[in-house]
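Structural features, examined
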Amino acid sequence: MGVWTAGFWGLVGGSALILGAAIAWFATLPQRLIASIMAIGSGVLISAVAFDLMDEAFRQGGFDATASGFLGGAIVYTAANIVISRRGARHRKRSGSNPQARQPEARSDSGAAIAIGALLDGIPESVVIGVSLLGGGGVSTVTVAAVFLSNVPEGLSSAAGMKAAGRSARYVFGVWGGIAVISAIAAMIGNVALAGSSPDLIAGVTAIAAGAILAMLVDTMIPEATEATHDYSGLIAVVGFLAAFILSKSGR
């Protein structure tokens, strides 16, 4: 039963990509509003990394497994991010409402790189959702909220770039629908593959995801959050962090 629950919550997080794509396709939102969502999502993600992922990893496997996994996740994410950024996915979490922030020249080949970038961002998050259900506990509300908030602007900005490159609605929504399904599968794999694993292994995987998420946050979300709401982005992020902190301490 846990594997299907993991798949459901992974799909919920991934479905935010479809929501963002729909917003980009049918409406135009002010960049300040998108940036504010990014700032809130940044605060929520920081809280999730600190109080859900790293704390749980340390509890499971101690400092060695947590530290090595955390650094390893950041290194792997950064290396992969450099590769796909050079192929047109550097600004995959940008809102696209500012010409300076759009996908580079809306190149026709950037769509595939953006999709790969979304997988790079989303798979660690989805795996963590699956892992959080191990042991019979409920899903981490903070983690699901953080994943959802980070995926909405990514779907929005990436779909805007694909639309500008002349991609059809079938192509755009097919890409994001497929990635949402893959997110669900990744959550299920995380739940099944790590069931019965040693605490050190679970701690390492959780810390790897935490390192990748934090690296993604600094590389992609914070720059977008501060670009349009510079004077208020810190305050908005603090509100998101506080909300997530309250959720993490009041229950899963």
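Rules of the game
- Residues numbered from 1 in each chain as written.
- Predicted model: local features only at pLDDT ≥ 70, side-chain atom pairs only at ≥ 80, totals over all residues.
- Heavy atoms only, no water.
- Core = buried A, V, L, I, M, F, W, Y, C linked by side-chain atoms within 4.5 Å.
- Buried < 20%, exposed > 50% of the residue type's maximum accessible area, 1.4 Å probe, protein only.
- Helix = DSSP H or I, 4+ residues; strand = E, 2+ residues; numbered from the N terminus.
- UniProt positions renumbered as here; feature names shortened; annotations may be inferred.
- Expected span 1.5 Å × (residues − 1).
- Bend = angle between axes of the 7 residues up to and from the residue.
- Salt bridge = Lys/Arg side-chain N within 4 Å of Asp/Glu carboxyl O.

**Let's talk about the nonpolar core**
Core analysis: the largest hydrophobic core is formed by 24 residues, its most contacted members being L45, L53, Y77, I213, M216 and M221. Looking at this core, the elements that each hand over two or more residues are α2 (31–89), α3 (110–132), α4 (141–164), α6 (199–228) and α7 (233–250). Formed by 13 residues, the second largest nonpolar core is a distinct cluster that contains A24, M162, V175 and W176.

**Some remarks on the UniProt feature "transmembrane region" (unreviewed entry) in the protein**
Residues annotated in UniProt with the feature "transmembrane region" (unreviewed entry) correspond here to residues 6–26, 33–53, 65–84, 127–149, 169–194, 201–218 and 230–247. Overall, residues 201–218 shows 100% helix and 0% strand. The separation of its end C-alpha atoms is 26 Å. The straight-line gap between the two end C-alpha atoms of residues 230–247 is 27 Å; of that span, 83% is helix and 0% is strand.

**Digging into α6**
With 30 residues, α6 ought to run about 44 Å at 1.5 Å a step, and its terminal C-alpha atoms sit 43 Å apart, in line with that. At L217, α6 shows its maximal bend, which comes to roughly 40 degrees.

**Examining the pattern of salt bridges**
Going through the model one piece at a time under the given rule, you end up with one salt bridge. Across the pair E56 and R59 runs a salt bridge, and its minimum N-O distance is 2.6 Å. Of this pair, E56 and R59 both sit in helix α2, separated by three residues, roughly a single helical turn. By relative accessible area, E56 is classed as partly exposed at 27%. Owing to a relative accessible area of 59%, R59 belongs among the exposed residues under this scheme.

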